[in-house]
Amino acid sequence: MPKIRAASVAEHRAMQHAALLDAARALLDEGGFAALTFPALAERTGLARSSVYEYFRSRAAVVEELCAVDLPAWVAEVEDAMAAVDDPAGKIAAYVQRQLELVGDRTHRVVVAISTGELDANARERIRAAHGRIVELVVNALDDLGHPDPMLVASLVQGMVDAAVRRIECGADGAEVTAATLGLVLGGVAEIRLPAAVEESSEGAEGAADGAEGATETQAAV
C-alpha cells in the first residue's frame, strides 16, 4: 500500500490529484499537448503508472479537469481587473490589458497547448463556454456606452485581442502590442458613443456624392 502523506486517505488523494494536475500543466507548458502522457505524469509525480489511472481514466479526463479548474480562474482574472474600474471605457481598457498581460502566464500557455490537441466534446465545450464568458464581460460596458449592438462589438473587440495575443506569442513586444491594441479598441469605443452622428455624417457624405454626380452630368450635357 502506498505511503500516506496526509492526515487521512482523503487528504492524501486530494494532494496526489493536485500534484498530477500541476505535473500536467508543466508538461503542457514545456512540451505541448503531445508531452502530456501517463508515463510522463507518473515520472513527474513519482507514482506508478497504474496509480495515475486511479485518478484519471484517460488523457482526455486530465484535460477536462484542467479546463474545469484553469479556465474559470483565467476568466476571473479579467473580471477582477474590470471590477476595479468604475467607468465603462476604463472597464474595456482593463478587459483588453489584463488579457494581454496574461499571455506570459503559465495558465494561458497551458490553455493554448490544450486547444491544439484532439479534444473530446466536454473539453471543447468548456473552452467555448470560457471564451463566451470572456466576451460577455465586456458587453455590459458597451451597453453602458449606448451602443445599439454591444454583443457584435464585443465579439469584434475580442477578435482584436485574439490577434494581439498571437502577435505577442510570435515574439512581438508585449508593451507595444498592448498600446496599439488599446488605441484601436478605445478609439472605436469613443466613436460608437454617438452612432446617430456617425449615421448622419454618412448620409451627408452620400448626399454630397449625389450632388457632385449631378453637377458632373449637367456639365457634360452643356
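Structural data are supplied above this passage.
Calculation rules
Residues numbered from 1 in each chain as written. Predicted model: local features only at pLDDT ≥ 70, side-chain atom pairs only at ≥ 80, totals over all residues. Heavy atoms only, no water. Buried < 20%, exposed > 50% of the residue type's maximum accessible area, 1.4 Å probe, protein only. Helix = DSSP H or I, 4+ residues; strand = E, 2+ residues; numbered from the N terminus. Contact = heavy atoms within 4.5 Å. Polar contact = N/O pair within 3.5 Å; in protein donor to acceptor, adjacent residues only side chain to side chain. Salt bridge = Lys/Arg side-chain N within 4 Å of Asp/Glu carboxyl O. Phe/Tyr/Trp six-rings, centres within 6.5 Å; stacked < 30°, edge-to-face > 60°. Axes fitted to C-alpha atoms, helices over the stretch in contact; angles between N-to-C directions. Left-handed = near helix turned anticlockwise from the far one by under 90°. Nonpolar A, V, L, I, M, F, W, Y, C, P; charged D, E, K, R; others polar. Expected span 1.5 Å × (residues − 1). Arc of directions from axis to C-beta.

Inspection of helix α6 (residues 106–115) places His-108, Val-110, Val-111, Ala-113 and Ile-114 among the buried residues, and these make up the whole buried set. Here the buried face of α6 lies against α1 (9–31), α4 (59–83), α7 (121–144) and α8 (150–169). At the N-terminal boundary of α6, the capping side chain belongs to Asp-105, with an oxygen 2.9 Å from the backbone nitrogen of Thr-107.

A word on the environment of Ala-89. Structurally, Ala-89 can be placed in helix α5 (residues 88–101). Along the primary structure Ala-89 and Leu-186 are separated by 97 residues, whereas in three dimensions their C-alpha atoms are 7.1 Å apart.

Evaluation of the coordinates by the stated rule reveals 12 salt bridges. The salt bridge partner of Asp-70 is Arg-25, with a shortest N-O separation of 2.9 Å. Placement of Asp-70 in helix α4 and of Arg-25 in helix α1 is noted, with a sequence separation of 45 residues between them. In this pair, the class of Asp-70 matches that of Arg-25, namely buried. With its nearest N and O atoms 2.8 Å apart, the salt bridge here joins Arg-98 to Glu-77. Within this pair, whereas Arg-98 is found in helix α5, its partner Glu-77 is found in helix α4, the two being separated by 21 residues in sequence. The network of salt bridges with common partners includes Asp-22, Arg-25, Asp-70 and Arg-106.

Here we come to the environment of Arg-59. Positionally, Arg-59 belongs in helix α4. By relative accessible area, Arg-59 is classed as partly exposed at 33%. C-alpha of Arg-59 to C-alpha of Leu-36: the two residues are 23 residues apart in sequence and 7.4 Å apart in space. When neighbours within four sequence positions are excluded, Arg-59 is seen to be in contact with Phe-33, Ala-34, Leu-36 and Phe-38.

In this structure the tally under the stated criterion is 1 aromatic pair. Arranged with centres 4.4 Å apart and planes meeting at 50 degrees, the rings of Phe-38 and Tyr-53 form a pair that is tilted. You can see Phe-38 sitting in helix α2 (residues 38–45) and its partner Tyr-53 sitting in helix α3 (residues 49–55), a full 15 residues away along the chain. The partly exposed category is assigned to Tyr-53, whose relative accessible area is 45%.

Turning next to the packing of α4 against α5. In the contact formed by α4 and α5, the axes pass within 8 Å of each other and the chain directions differ by 145 degrees. Along this stretch, α4 crosses α5, giving a crossing that reads as right-handed. Contact residues: Trp-74, Glu-77, Val-78, Ala-81, Met-82 and Ala-83 in α4; Lys-91, Ala-94, Tyr-95, Arg-98 and Gln-99 in α5. For the contact of α4 with α5, a count of residues per class yields 7 nonpolar, 1 polar and 3 charged.

What follows covers α8. Along its 20 residues, α8 runs 28 Å from first to last C-alpha, staying within 8% of the 28 Å computed at 1.5 Å per residue. Listing the buried residues of α8 in full gives Pro-150, Val-153, Ala-154, Val-157, Gln-158, Val-161, Ala-164, Val-165 and Ile-168. Viewed end-on, α8 has its buried residues packed into an arc of 140 degrees, placing them on one side of the element. Facing away from the buried side of α8, by more than 90 degrees, are the exposed residues Leu-156 and Arg-167. Residue Gly-171 follows α8 closely and has a positive phi angle near 110 degrees.

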